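A closer look at the structure
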Amino acid sequence: MGFRLAVAVLVLAAGWLAGCQSTPTAPSLASAPASSSTAPTAAPPARQHVTVAITSPNEMFAIPWVAQDSGILARYGLDAEVVVVGGSPRVTQSLVAGDFDYAIAATAALIRARAQGADPQIIAGTSDLAIGQKIMVAPGAAVRSLADLRGKTVGITQYGSEAHTFIQLALARAGLDPNDATILQLGASPQVAAAVASGNVDAGVVSGPAGLRAQRAGGVVLVESRDLHILSPQGTLATTRRLIERDRDQVLRFLSAYVEAIHFFKTNPEETKRILQQRMGDLPADEVAYLYEEVKDVYQPLPTVSAEAIQAVIEREDDIPKTVGPGDVLDMSLLQEIEQRGLLRQLYP
């Protein structure tokens, strides 16, 4: 009889404890430690697998790698597969088709998809200003200014990409029409850099380590995007309205991990460089250090995108209907909720 009573007491106690436990439905300070060295004080949610697409392996799109490889995503109950897919139009198409949960793609491509009835939602970004792109001139090319690009061939990654947007804006700053130069799509940034270095094009828009390699091969930097101070959101992170409505908790957790990974990027340089080196094809240490210094101060602690920057894109893109507004594609409510929960105060005391 005593044994049965003891078993009954244990069963009741176990049931009472299970009833007292609660599963977090959104990021909290308990489930979102401020640094990767701090152990969580509560069990994370059940692990979910998510897929993330980026358009090229470069430092401007590195936060999903950092979030995954540092273990931050795991503490938020997520596991990510980060896939490189060349060209923002392709990435955007795959996102809206449901092939990926999240994607970093050119703002213009995301807005075009929304104007055509798809449901991409921009939920974060790296910068409101065009940054990270360089116009490189081939060795020996007779190009000393943007105006000299008239009649020249310029390589970009893909039509509709951030590189395409940047070269159009740069030409406009010099009083040129996009048709004043022959713009060729060549694939990914390394292919553009190789074409510049070999002289197969007069100039090219490159980013990431490809730019450094082209420079070492004799290419010359004509202008950097940051010098022109152009409103053009960079590194725009998007998901779909469907996913937000179906599983807002997951999106909040992913974004919370994203914010924490930015903090990790900025405050853990050596480990971040190790992750970059591994993820970017075992780049030489000096190249990784160069790229890290280029971008470390660009990342905002809270990676918001402004409506003004989105509107600037809408106004200058001729093929985007002006009936589309920032509110149709931009959703900053998730980042605002994360900020209200105090994650930034914890990360940056």
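The structure under discussion appears in the preceding block.
Okay, so let's go over this structure. (Residues numbered from 1 in each chain as written. Predicted model: local features only at pLDDT ≥ 70, side-chain atom pairs only at ≥ 80, totals over all residues. Heavy atoms only, no water.)

Here we take up the packing of aromatic side chains. Think of a pair of aromatic rings as described by two things: how far the centres are apart, and how the planes are tilted against each other in angle. With the rule as written, the count across this model stands at four aromatic pairs. A centroid spacing of 6.3 Å and a plane angle of 40° characterise the contact between Phe254 and Tyr258, whose relative ring orientation is tilted. One end of the pair is Phe254 and the other is Tyr258, both in helix H10 (residues 248-267) and four residues apart, which spans about a single turn. Note on Phe254: relative accessible area 2%, which makes it buried. Between the aromatic rings of Phe265 and Tyr292, the centroid separation amounts to 5.2 Å while the plane-to-plane angle is 25°, which identifies the pairing as stacked. In this pair, Phe265 sits in helix H10 while Tyr292 sits in helix H12 (residues 285-295), placing the two residues 27 residues apart along the sequence. (Phe/Tyr/Trp six-rings, centres within 6.5 Å; stacked < 30°, edge-to-face > 60°. Helix = DSSP H or I, 4+ residues; strand = E, 2+ residues; numbered from the N terminus. Buried < 20%, exposed > 50% of the residue type's maximum accessible area, 1.4 Å probe, protein only.)

Another aspect to go through is the nonpolar core. If you look at the biggest cluster of nonpolar residues, it comprises 73 residues, and the most contacted ones within it are Tyr102, Leu237, Phe254, Leu255 and Phe265. By size, the runner-up hydrophobic cluster in this structure holds 33 residues, among which are Leu171, Val201, Ala210 and Val223. (Core = buried A, V, L, I, M, F, W, Y, C linked by side-chain atoms within 4.5 Å.)

Overall, mixed pairing links the five strands, which are arranged E2-E1-E3-E12-E4 in an open sheet. Looking at strand neighbours, the two that pair on one side only are strand E2 (78-84) and strand E4 (120-124), the edges of this open sheet. Strand-to-strand twist in this sheet, taken as the mean axis angle between neighbours without regard to direction, amounts to 30°. With three bridges joining them, strand E1 (residues 48-54) and strand E3 (residues 102-104) adopt parallel strand pairing. By the bridge assignment, Ala53 is partnered in E3 with Ala103. Across the sheet, helix H5 (residues 107-115) touches E4 and strand E12 (237-240), and the angle it forms with E4 is around 145°. (Pairing = 2+ DSSP bridges. Axes fitted to C-alpha atoms, helices over the stretch in contact; angles between N-to-C directions. Contact = heavy atoms within 4.5 Å.)

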